[in-house]
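# Residue-level structure breakdown
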Amino acid sequence: MEGEKGNDLSKDTVSDKRQDSKPVILIAIPAGRRNGTRSCEGLIILHVILSSSLFCFVFLELERILAKFGQDAQKIEHSVLIGCSDQHEAWFALDLALGNSHSSGSLQKSEMESELQGAFIDLRKALFQLNEKDASLISTAQALLRWHDCHQFCGKSGQPTQKNVAGSKRVCASSKMIYYPQMSPVVITLVSDGTRCLLARQSSFPKGMYSALSGFCDVGETVEESVRREVAEEVGLELDSLQYSASQHWSFPNSSLMIACHAAVRPGQTEIQVNLQELETAEWFSLEEVAAALKKKGPPASQQDGAIPFWLPPKMAIAHHLIQEWVQKQSSSSNLA
Ligand SMILES: NC(=O)C1=CN([C@@H]2O[C@H](COP(=O)(O)OP(=O)(O)OC[C@H]3O[C@@H](n4cnc5c(N)ncnc54)[C@H](OP(=O)(O)O)[C@@H]3O)[C@@H](O)[C@H]2O)C=CC1
Ligand SMILES: [Mg+2]
C-alpha cells in the first residue's frame, strides 16, 4: 500500500471496512458555502461509496481530525477545486500527506485508518471499481494535487510559487510567471485490417493483458501525424485511414489527455514488425477472440500450465471503449452481410 513517495494521497484512497460489501473511498474535500443549517466554508471529507452515495463530514470534522494528528487547520489552504455537486456545492480536494513513520508534518496512515475505520487502497484499483462520475472526480483530484506538488518553484527565478485559492494556477511573485496545470496529449489507436484488430502488450502491463497502440504526441505534431508515426514506430504499419472516436483524462503516471482513434490498413498490408524496445508483443485478433475476451471481467485465472489467457483493459480505460466500439461495428456489419 505504499504510494510512490510513500507519504501522499496521490496513489492511495481509503476503502471503508465498516461494511464489507461496500468499500468506501476517502478523499479530503472542502465545500463551498452549503445551503441549510449545516453551512461550512472549509473542508469536508467526502466518502464515495461504490453505490455512489456520498457521505460528507463537514469542515469542523476535518479540522478536528487534523488537530487530532497534530496538524494545523492552515493545511486546508492547500486544497484545490475539483468540481461541484448537483446542488452547486464546490468540491475541493486536499492531500493529507500521509506517512508511515513518525515523521513531523505528516499524518500517520495507520492512525488515520483506524480513526476513520477505513483502509487505504491503491488509487488505480479504486478507479476501476467506481462509477464514471466518481472516478473522474478522484482522477482530477489526484492529477491536480500532484501537479501542485511538483510546481512549488518557478523555473525561471527559482523562487517559490503561490497557488491561487481554487488551485487553477500558480504564480511567481518575483518573475510574474503564471503556471497552469498541464496534460500531455497521448494518441491511442485501434488498428483494423477489415476483419481483425491489432492489440499489443507492453512488458509493464499485467500478465496476459493486451491493449490498443498508444504514444505521446511530439511537439509540433497534429493528432493525425502522431497516430501515423506511433503506429509506424511500434509495429511498422502504414495507415490507410483514421477516424477520431473519443477522449479521456488519464492520470497515470502523469496527467494525459488520451485521444482515441480507429485506424485501418490497406488489405494485404498487414505484416507487423514489433518494436521490441517499446512493446513486448503485438498480434492480430479475430472478432470472435476479441468479443469473447470483452465478456470476461478482470484478469482470468492462470491455466494449468501457468499461462494467463488473453484479456482486455477494464471498462474505465478508453482502450476498452475503442475495442468495444470495434466489436459492435464488426458484429453489425457481419450481421448485414
Ligand atoms: N487509458 C487507457 O486505455 C490507456 C492509457 N495509456 C497511457 O498512455 C500513455 C502513453 O503510452 P505509451 O505507449 O507508454 O507511450 P509511448 O509509446 O510514447 O512510450 C512512452 C515513452 O515515451 C517517452 N515520452 C515522450 N513524451 C513523454 C511524456 N510527455 N511523458 C512521459 N513519457 C514521454 C518516454 O521515453 P523515455 O523514457 O525514453 O524518455 C516514455 O518512456 C501512458 O501514460 C499510459 O498509461 C496507454 C494505453 C491505454
Ligand atoms: Mg506506446
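To be clear, the structure that these remarks concern was listed above.
So, here's what we can say about the structure. Within each chain, residues carry numbers counting from 1 in the order of the written sequence. Whichever chain is written first is A, and whichever ligand is written first is 1; the rest continue in order. For this predicted model, a pLDDT threshold of at least 70 governs which residues receive local features, and a threshold of 80 or more governs which side-chain atom pairs are given and counted, while totals over whole chains, interfaces and linings are taken from all residues. Processing note: side-chain calculations cover all non-hydrogen atoms of the structure and skip hydrogens and water entirely.

## Examining the coordination of the magnesium ion (ligand 2)
The protein atoms that coordinate the magnesium ion (ligand 2) are S214 (O) and E234 (OE), at distances of 2.2 Å. Linking S214 in strand β15 (residues 213–216) with E234 in helix α5 (residues 223–235), this pair joins segments that are 20 residues apart in sequence. Only protein chains enter the accessibility calculation, which uses a 1.4 Å probe; a residue whose area is less than 20% of its type maximum is buried, one above 50% is exposed, and one in between is partly exposed. Overall, E234 belongs to the buried group, its relative accessible area being 3%. A 2.8 Å cut-off from the metal defines N, O and S donors, relaxed to 3.2 Å for Na, K and Ca; water is not in the atom list, so some sites may appear incomplete. Helix and strand definitions here come from DSSP, where helices need a minimum of 4 consecutive H or I residues and strands a minimum of 2 consecutive E residues; each element is numbered from the N-terminal end.

## Details of the sheet that holds strand β11 (residues 170–171)
With antiparallel pairing, 3 strands are arranged side by side in an open sheet as β10-β11-β12. The open sheet has two free edges, formed respectively by β10 (162–163) and β12 (178–179), since each of these has just one partner strand. Of the pairings in the sheet, the one linking β10 to β11 comprises 2 bridges and is antiparallel in character. Opposite Q162, over in β11, you have V171 as the bridge partner. The criterion for strand pairing is that DSSP finds at least two bridges linking the strands in question.

## Some thoughts on empty space enclosed by the protein
Grid spacing is 1 Å over the protein atoms alone, the probe is 1.4 Å, and a cavity is where that probe fits but cannot get out, while a pocket is an open set with protein on both sides within 12 Å along at least five of seven lines and lining residues have an atom within 4 Å of a point. Grid points are joined across faces, edges and corners, and a volume is the space filled by probe spheres set on the points. Going through the model one piece at a time under the given rule, you end up with 2 cavities of 30 Å³ or more. Empty space within the second largest cavity amounts to approximately 30 Å³. If you trace the second largest cavity, you find it lined by A200, R201, Q202, F205, S211, A212, L213, S214, E234 and L279. Any residue that is not Ala, Val, Leu, Ile, Met, Phe, Trp, Tyr, Cys, Pro, Asp, Glu, Lys or Arg is counted as polar, Gly included; the first ten are nonpolar and the last four charged. Residue classes in the lining of the second largest cavity are distributed as 5 nonpolar, 3 polar and 2 charged.

## Here's the deal with the site of ligand 1
Around ligand 1, a shell composed of 19 residues is seen, among which Q202, S214, F216, E234 and A319 lie nearest. Q248 is positioned such that a nitrogen or oxygen atom in its side chain is 3.2 Å from a nitrogen atom of ligand 1. Taking A319, its main chain carries an N or O atom lying 3.1 Å from an oxygen atom of ligand 1. Computed with a 1.4 Å probe, the accessible areas rest on the Shrake-Rupley method; for each residue, only the protein chains presented here act as cover. For ligand 1, the accessible surface in isolation is 920 Å², of which the surrounding protein chains cover 58%. Elements that contribute at least two residues to the shell around ligand 1 include exactly β13 (184–192), β15, α5, β16 (241–250) and α7 (318–336). Residue classes in the shell around ligand 1 are distributed as 10 nonpolar, 6 polar and 3 charged. We define proximity as follows: a residue is near a molecule or strand when any one of its heavy atoms falls within 4 Å of that partner. We define a polar contact as two N or O atoms separated by no more than 3.5 Å, with the added condition that, inside protein, one atom must be a possible hydrogen donor and the other a possible acceptor, whereas residues neighbouring each other in sequence contribute only through side-chain atom pairs.

On their own, these measurements won't tell you what the molecule is for.
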